[in-house]
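# Reading the structure
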Amino acid sequence: MKSFIKTICFSFLFALAFVSCKDENSIQNYFVDHQDKPEFLTIDFAPDMFDLSEVEFSEDQKNIYKSFEKVNVLAYKVTGDNKEDYDAELNKVVTIFKNDKYEELMEFSDNGMKFRVNTMGAEDSVDEFLVLASSSDLGFAIIRVLGDNMELSKILKLGEVIDQFGTENTNI
């Protein structure tokens, strides 16, 4: 009987620990909860969707490119009819971006657009880049770049290769 009670107590504590660890305040959960809603636009793509066979990568650039796993985009367009909903959704997203598990890299504005860039992971080895772009006239978009051990300084070097890559090289 004692072992039965111990088993029940252990199971209860395990279940409680499992439930309490779920983070409702994450970009991943926001994507999952909103991706099928009609007012949101969702785009997902992986690096292998693009034919880069004609692009000449250095060995360092190949390693950087291989560190990308996928990119998710979730967008919400503001209209005159949904301004209140837009404000509520944007506030939810801004609150998530302020979560302690995301490190803010920068925040800036340009031509009426506000940008917020955050990361998740170690400083020199990032697993997730998050970009929030918002405008009271256009709406907002969240760009989530997932990868493995991405380094911001090295990712910026890939910009050199973008000039070699044209939209005609896509397999989409």
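Here the structure is a predicted model, which means the values were calculated and not measured.

Here we come to the overall build of the protein chain. Of regular secondary structure, the protein chain possesses six helices and six strands. The N-to-C order of helical and strand elements in the protein chain reads α-α-β-α-β-α-β-β-β-β-α-α. Within the protein chain, the proportion of its 172 residues that are buried is 35%. Of the contacts made within the protein chain by residues no fewer than 6 positions apart, 61% connect residues no fewer than 24 positions apart. If you sum the accessible surface of the protein chain, you get close to 11600 Å²; carbon and sulfur atoms cover 56% of it.

Once that is clear, we can look at the nonpolar core. In terms of nonpolar packing, the biggest core is built from 18 residues, with Ile27, Tyr30, Val93, Phe97, Leu132, Phe140 and Ile142 touching the most fellow members. If you list the elements that add at least two residues to this core, you get helix 2 (27-34), strand 2 (68-77), helix 4 (83-97), strand 5 (125-135) and strand 6 (139-150). Beyond its immediate stretch of four places on either side in the chain, Tyr30 contacts Phe40, Leu74, Glu89, Lys92, Val93, Ile96, Phe140 and Ile142. Ile64, Val73, Phe129 and Met150 belong to the second largest nonpolar core, which has eight residues in total.

Summarising the element assignment, Met150 is placed in strand 6. Met150 sits 85 residues away from Tyr65 along the chain, and the two C-alpha atoms are 9.2 Å apart.

Here we come to the pattern of salt bridges. Tallying each qualifying case throughout the model produces five salt bridges. The network of salt bridges with shared partners includes Glu104, Glu107 and Arg116.

Our next topic: the packing of aromatic side chains. This model, assessed by the stated rule, comprises seven aromatic pairs. Ring geometry for Tyr30 and Phe40: centres 6.3 Å apart, planes at 80°, overall edge-to-face. One end of the pair, Tyr30, is in helix 2; the other, Phe40, is in strand 1 (residues 40-45), with 10 residues separating them in the sequence. Exposure class is identical for Tyr30 and Phe40. Each is buried.

A few words on the sheet that holds strand 5. Taken in spatial order, the six strands of this open sheet run 1-2-6-5-4-3, and their pairing is antiparallel. Strand pairing shows two members of the sheet lacking a second neighbour, strand 1 and strand 3 (103-110), which therefore form its edges. Taking the axes of each pair of neighbouring strands and ignoring which way they run, one obtains an average angle of 10° across the sheet. With nine bridges connecting them, strand 5 and strand 6 associate as antiparallel partners. Following the sheet pairing, Ser135 is matched in strand 6 by Gly139. Packing of helix 2 onto the sheet brings it into contact with strand 1, strand 2, strand 5 and strand 6, and relative to strand 6 it is tilted by some 125°. The strands touched by helix 4 within the sheet are strand 1, strand 2, strand 4 (113-122), strand 5 and strand 6, with strand 5 carrying the most contacts at an inclination of about 155°.

On average, the protein chain scores 77 in pLDDT, and the residues at 70 or more come to 70%. The low-confidence segment residues 4-22, where pLDDT is below 50, has zero contacts with residues more than four positions distant or belonging to other chains. Scored below 50 in pLDDT, residues 167-172 makes 11 contacts in the model with residues more than four places away or belonging to other chains.

It is worth spelling out unusual backbone geometry at this point. Positioned with a positive phi, Asn111 is a non-glycine residue whose angle comes to about 50°. Note that Asn111 resides in the loop between strand 3 and strand 4.

Below, the discussion takes up the pairing of strand 2. With respect to burial, strand 2 is a largely interior element, seven of its 10 residues being buried. Pairing analysis gives six bridges linking strand 1 to strand 2, with the strands arranged antiparallel. When the bridges of strand 2 are listed, Ile43 appears paired with Val73. As defined by bridge partners, strand 2 adjoins strand 6 across nine bridges and the pair is classed as antiparallel. For Tyr76, the partnering residue across the bridge sits in strand 6 and is Phe140.

The rules behind each value
- Residues numbered from 1 in each chain as written.
- Predicted model: local features only at pLDDT ≥ 70, side-chain atom pairs only at ≥ 80, totals over all residues.
- Heavy atoms only, no water.
- Helix = DSSP H or I, 4+ residues; strand = E, 2+ residues; numbered from the N terminus.
- Buried < 20%, exposed > 50% of the residue type's maximum accessible area, 1.4 Å probe, protein only.
- Contact = heavy atoms within 4.5 Å.
- Areas by Shrake-Rupley, 256 points an atom, 1.4 Å probe, with all protein chains shown as cover.
- Core = buried A, V, L, I, M, F, W, Y, C linked by side-chain atoms within 4.5 Å.
- Salt bridge = Lys/Arg side-chain N within 4 Å of Asp/Glu carboxyl O.
- Phe/Tyr/Trp six-rings, centres within 6.5 Å; stacked < 30°, edge-to-face > 60°.
- Pairing = 2+ DSSP bridges.
- Axes fitted to C-alpha atoms, helices over the stretch in contact; angles between N-to-C directions.
- pLDDT = per-residue confidence, 0-100.

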